[in-house]
Amino acid sequence: MDSIQKLLKLSHVLLDVEVTSKKRLFEQIGILFENKNQLSRGLVSDALFNREKLGSTGLGHGFALPHGRFKGLKTPLCAFMRLKGSIPFESPDGENVKMAFILLVPDHANEQHLALLSEIAEMFSDEELRKTLSSSDSVETVFKEIIHWTPHARRQRSTTL
């Protein structure tokens with residue numbers, strides 16, 4: 001099974017994306033996957049909105065995990081976007097979203113979808129990681145922080161502080 005570290009590409013990490021709403025964020029995500037993966041921006045945006053109708057993918061602490069199933073996709077795709085400002089996202093803590101990790105999975109990949117969502121949720125529950133990703137000015141640094149993150153590293157940091 002693929003992990004986020006194997007799926008994320010440097011070209012899919014964007015910093016200081018200017019959006020004013022969830023709709024605009026989903027449009028930017030559609031543009032990214034259209035430009036990098038030749039997917040229809042409208043279909044990507046629709047997949048994310050369809051999932052969002054079931055309930056907000058805002059997880060709290062300024063982080064959202066927009067995700068959706070995509071017909072015809074062979075392998076999962078992901079991206080990370082840090083926003084220039086913050087946008088409302090109906091998160092459980094009421095906090096606006098400043099970072100989003102996006103996941104698209106093949107429409108038939110149920111177990112893989114759940115495993116990847118769990119991995120991402122665990123990763124972004126790490127306060128130290130969120131702080132680093134929020135403050136870094138380098139796409140390369142953000143990319144490396146995400147792909148080198150492990151639950152063990154999180155535990156190690158908390159026991160040495």
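Rules used throughout
- Residues numbered from 1 in each chain as written.
- Predicted model: local features only at pLDDT ≥ 70, side-chain atom pairs only at ≥ 80, totals over all residues.
- Heavy atoms only, no water.
- Helix = DSSP H or I, 4+ residues; strand = E, 2+ residues; numbered from the N terminus.
- Rg over C-alpha atoms; globule rule 2.2 N^0.38 Å.
- Contact = heavy atoms within 4.5 Å.
- Areas by Shrake-Rupley, 256 points an atom, 1.4 Å probe, with all protein chains shown as cover.
- Salt bridge = Lys/Arg side-chain N within 4 Å of Asp/Glu carboxyl O.
- Buried < 20%, exposed > 50% of the residue type's maximum accessible area, 1.4 Å probe, protein only.
- pLDDT = per-residue confidence, 0-100.
- Phe/Tyr/Trp six-rings, centres within 6.5 Å; stacked < 30°, edge-to-face > 60°.
- Lys NZ or Arg CZ within 6 Å of the ring centre and 35° of its normal.

Enquirer: What am I meant to see in the overall build of the protein chain here?
Expert: Helix and strand counts for the protein chain stand at seven helices and six strands. Sequence-ordered secondary structure for the protein chain, helices as α and strands as β, is α-β-α-α-β-β-β-β-β-α-α-α-α. Over its C-alpha atoms the protein chain spans a radius of gyration of 15 Å, differing by no more than 12% from the 15 Å that the globule rule assigns to 161 residues. Its C-alpha atoms put the protein chain at 45 × 35 × 30 Å along the principal axes. Of the contacts formed within the protein chain by residues at least 6 apart in sequence, a portion of 70% connects residues at least 24 apart. Taken as a whole, the protein chain presents about 8,300 Å² of accessible surface, with 51% of it coming from carbon and sulfur.

Enquirer: How should I be thinking about the pattern of salt bridges in this particular structure?
Expert: Opposite charge on two side chains permits pairing when their charged atoms draw close. Applying the stated criterion across every chain, the model contains seven salt bridges. The salt bridge partner of Lys84 is Glu18, with a shortest N-O separation of 3.9 Å. Of this pair, Lys84 sits in strand E5 (residues 77-87) while Glu18 sits in the loop between strand E1 (13-17) and helix H2 (22-37), and the two are 66 residues apart along the sequence. Of the residues examined, Lys84 reaches a relative accessible area of 57% and is grouped as exposed. A salt bridge links Glu27 to Arg24, with the shortest nitrogen-to-oxygen separation between them at 2.8 Å. A residue pair is termed a helical-turn pair when its members lie 3 or 4 positions apart in one helix, as Glu27 and Arg24 do in helix H2 at three residues. Taking relative accessible area as the criterion, Glu27 reaches 28% and is therefore assigned partly exposed.

Enquirer: What am I meant to see in the confidence of the model for the protein chain here?
Expert: One rule of thumb: low pLDDT means the predicted coordinates there are not for detailed reading. Averaged over every residue, the pLDDT of the protein chain is 90; residues scoring 70 or more account for 93%. Residue range residues 157-161 is modelled with pLDDT below 50. Its contacts to residues more than four positions away, or to other chains, number four contacts.

Enquirer: What am I meant to see in the packing of aromatic side chains here?
Expert: Each pair of aromatic rings is reported with the distance of its centres and the angle of its planes. Tallied over the full model, the rule gives five aromatic pairs. A ring pair is formed by Phe26 and Phe89, whose centres lie 6.3 Å apart and whose planes are at 80°; its orientation type is edge-to-face. Separated by 63 residues along the polypeptide, Phe26 in helix H2 and Phe89 in the loop between E5 and strand E6 (97-106) bring together distant segments of the chain. We note that Phe26, like Phe89, is buried. On the numbers, 4.2 Å between centres and 10° between planes, the contact of Phe63 with Phe124 is stacked. Residue Phe63 is found in strand E3 (residues 63-64), and its partner Phe124 is found in the loop between helix H4 (110-123) and helix H5 (127-135); the two are separated by 61 residues along the sequence. Like Phe63, the residue Phe124 is buried in the burial classification. Taken together through their ring pairs, the aromatic side chains of Phe63, Phe80, Phe101 and Phe124 make up a single cluster. When the ring centre of Phe89 is taken as origin, the NZ or CZ atom of Lys22, which lies over that ring, is 4.6 Å away.

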